[in-house]
Amino acid sequence: MSGKYRTYTEEFKQEAIKLVTQQGYKIAEAARSLGIPENLLGKWKRRSEAGQGGASESVGSLDGDERAELKRLRAENKRLLMEREILKKAAAFFANEKP
């Protein structure tokens, strides 16, 4: 083994944590898209939640109305993404169909 470790800036860590806490990504999804190990992102998130640094605002600091709106918006976003995928598949189907 080489013994070398990658180092990440605090800004990078905070942005990675925000993907999970504010944008609703799962830790595995965010880690895969950033090219970092899941357990590393999970550790950063736990440290952030424990108050050892990290994102300045997390979902835990939202009041009841904001939580409800966030939940509604996430559900709407999920529905719209599914509709978009269905429309893409339908467009591809009809584009390949011969008259």
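Observations concerning the packing of aromatic side chains
Throughout the structure, instances matching the rule amount to four aromatic pairs. Their ring planes at 15° and their centres at 5.2 Å tell us that Tyr8 and Phe12 sit as a pair that is stacked. Between Phe93 and Phe94, the aromatic rings sit 5.3 Å apart at their centres with planes inclined by 75°, giving edge-to-face as the arrangement. Considered together, Phe93 and Phe94 belong to a single accessibility category, that of exposed residues. Joined through ring pairs, the aromatic side chains of Tyr8, Phe12 and Trp44 make up one cluster.

Things to note about the pattern of salt bridges
Within the structure shown, the criterion is met by six salt bridges. Arg79 is paired through a salt bridge with Glu83; the nearest N and O atoms lie 2.7 Å apart. Here Arg79 pairs with Glu83, and both are found in helix 4 (residues 64-96), just four residues apart, close to one helical turn. Of the residues examined, Glu83 reaches a relative accessible area of 37% and is grouped as partly exposed. As a salt-bridge pair, Glu85 and Arg84 come within 3.9 Å of each other at their nearest N and O atoms.

Calculation notes
Residues numbered from 1 in each chain as written. Predicted model: local features only at pLDDT ≥ 70, side-chain atom pairs only at ≥ 80, totals over all residues. Heavy atoms only, no water. Phe/Tyr/Trp six-rings, centres within 6.5 Å; stacked < 30°, edge-to-face > 60°. Buried < 20%, exposed > 50% of the residue type's maximum accessible area, 1.4 Å probe, protein only. Salt bridge = Lys/Arg side-chain N within 4 Å of Asp/Glu carboxyl O. Helix = DSSP H or I, 4+ residues; strand = E, 2+ residues; numbered from the N terminus.

The quantities given are spatial measurements derived from coordinates; they are silent on function.
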